[in-house]
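Listed below, chain by chain, are the residues.
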Amino acid sequence: MIYPIYVYGSPVLRKETEQVPVDAPELRQLVDDMFETMYAASGVGLAAPQIGKSMRLFVIDASPYEEDEPALAGFKKAFINADIYERSEEAITMEEGCLSFPKLYENVSRPERIRIRYTDENGVEHDEEYSGMAARVIQHEYDHIEGKVFVDHLSPLRKTLLSSKLGSFAKGKFRASYKCKLPK
Ligand code: NI
């Protein structure tokens, strides 16, 4: 099932998320649906709040970056109850986009390396270190389960310059190639 994607201005994107019961029978279907929704929107990551669910869950398929980073071949993972518990001092700036902000791309600075604990869709616990594009995408999605979005990292000046653009999402004044849900 493909879910509509909640755009910026939707309260659910700011709501506190809940821990996910990893043995819930409907979890596997939800993970499958999130991948399906993400692929339909040509995204590389999708977090549960973006489909209106306040859960500590996100999915990533970073394999489109395989050409630049061969290690990302087949990188398709679900992150349940993730906890980023270590971040490198060194930061790196890269351009990001987000399915909740159709066609907006902005430079964001983030730690270059992270360590993360999470459970996968099979209930297996992981403790891993990531750098490069994987660390970038994971941190972007992790923000979503913390009630944050990528524009929160922009400078006050940049946010001011973008304010009318940012306000336009909730009003439906944008184009997207996938189904979106506006705040009421
Ligand atoms: Ni996003």
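What this report covers is the structure whose coordinates are included nearby. Quick caveat, the model's predicted, so the values are computed rather than measured.

Okay, the coordination of the nickel ion next. Summarising the metal site, the nickel ion is bound by the protein donors C98 (SG), H140 (NE2) and H144 (NE2), whose distances to it range over 2.1 to 2.2 Å. Relative accessible area serves as the criterion here: at 1%, H144 is assigned to the buried category.

With that settled, the discussion passes to the side chain of T37. Relative to the assigned elements, T37 resides in helix α1 (residues 27-40). Owing to a relative accessible area of 2%, T37 belongs among the buried residues under this scheme.

Relative to the elements of secondary structure, H126 occurs in strand β8 (residues 125-130). Sequence separation between H126 and I116 is 10 residues; the distance between their C-alpha atoms is 7.9 Å. The contacts of H126, once residues within four sequence positions are left out, are I116, R117, Y118 and D120. A polar contact is formed between the side chain of H126 and the side chain of D120, at a distance of 2.8 Å. A polar contact is formed between the side chain of H126 and the side chain of E128, at a distance of 3.3 Å.

Counted under the stated rule, the structure contains eight aromatic pairs. A centroid spacing of 4.3 Å and a plane angle of 45° characterise the contact between F79 and Y118, whose relative ring orientation is tilted. Note that F79 is positioned in strand β4 (residues 76-87) and Y118 in strand β7 (residues 114-119), a separation of 39 residues in sequence. Their ring planes at 50° and their centres at 5.9 Å tell us that F169 and F174 sit as a pair that is tilted. A relative accessible area of 0% means that F169 is categorised as buried. One aromatic cluster is present, built from ring pairs that chain together Y8, F101, F150, F169 and F174. In this arrangement the basic side chain of K76 is found over the ring face of F35, its NZ or CZ atom lying 4.5 Å from the centre. A cation sits over an aromatic face here: K77 above F75, 5.2 Å from the ring centre.

Our next topic: helix α2 (residues 132-145). Taking 1.5 Å as the rise per residue, α2 with 14 residues should run 20 Å; its terminal C-alpha atoms sit 21 Å apart, in good agreement. With 13 of its 14 residues buried, α2 lies for the most part within the structure.

Spatially, β2-β3-β4-β7-β8 is the arrangement adopted by the five strands of the open sheet, whose pairing is antiparallel. If you trace the sheet from one side to the other, it starts and ends with β2 (45-47) and β8, each paired once. Here the average twist between neighbouring strands, direction ignored, is 35°. Pairing of β4 with β7 involves five bridges; the strand directions are antiparallel. For I84, the partnering residue across the bridge sits in β7 and is I116. Sheet strands touched by α1: β2, β3 (57-61) and β4. Its angle to β3, the strand with the most contacts, is close to 50°.

Parameters and conventions
Residues numbered from 1 in each chain as written. Predicted model: local features only at pLDDT ≥ 70, side-chain atom pairs only at ≥ 80, totals over all residues. Heavy atoms only, no water. Donors = N, O, S within 2.8 Å, 3.2 Å for Na, K, Ca; no water. Buried < 20%, exposed > 50% of the residue type's maximum accessible area, 1.4 Å probe, protein only. Helix = DSSP H or I, 4+ residues; strand = E, 2+ residues; numbered from the N terminus. Contact = heavy atoms within 4.5 Å. Polar contact = N/O pair within 3.5 Å; in protein donor to acceptor, adjacent residues only side chain to side chain. Phe/Tyr/Trp six-rings, centres within 6.5 Å; stacked < 30°, edge-to-face > 60°. Lys NZ or Arg CZ within 6 Å of the ring centre and 35° of its normal. Expected span 1.5 Å × (residues − 1). Pairing = 2+ DSSP bridges. Axes fitted to C-alpha atoms, helices over the stretch in contact; angles between N-to-C directions.

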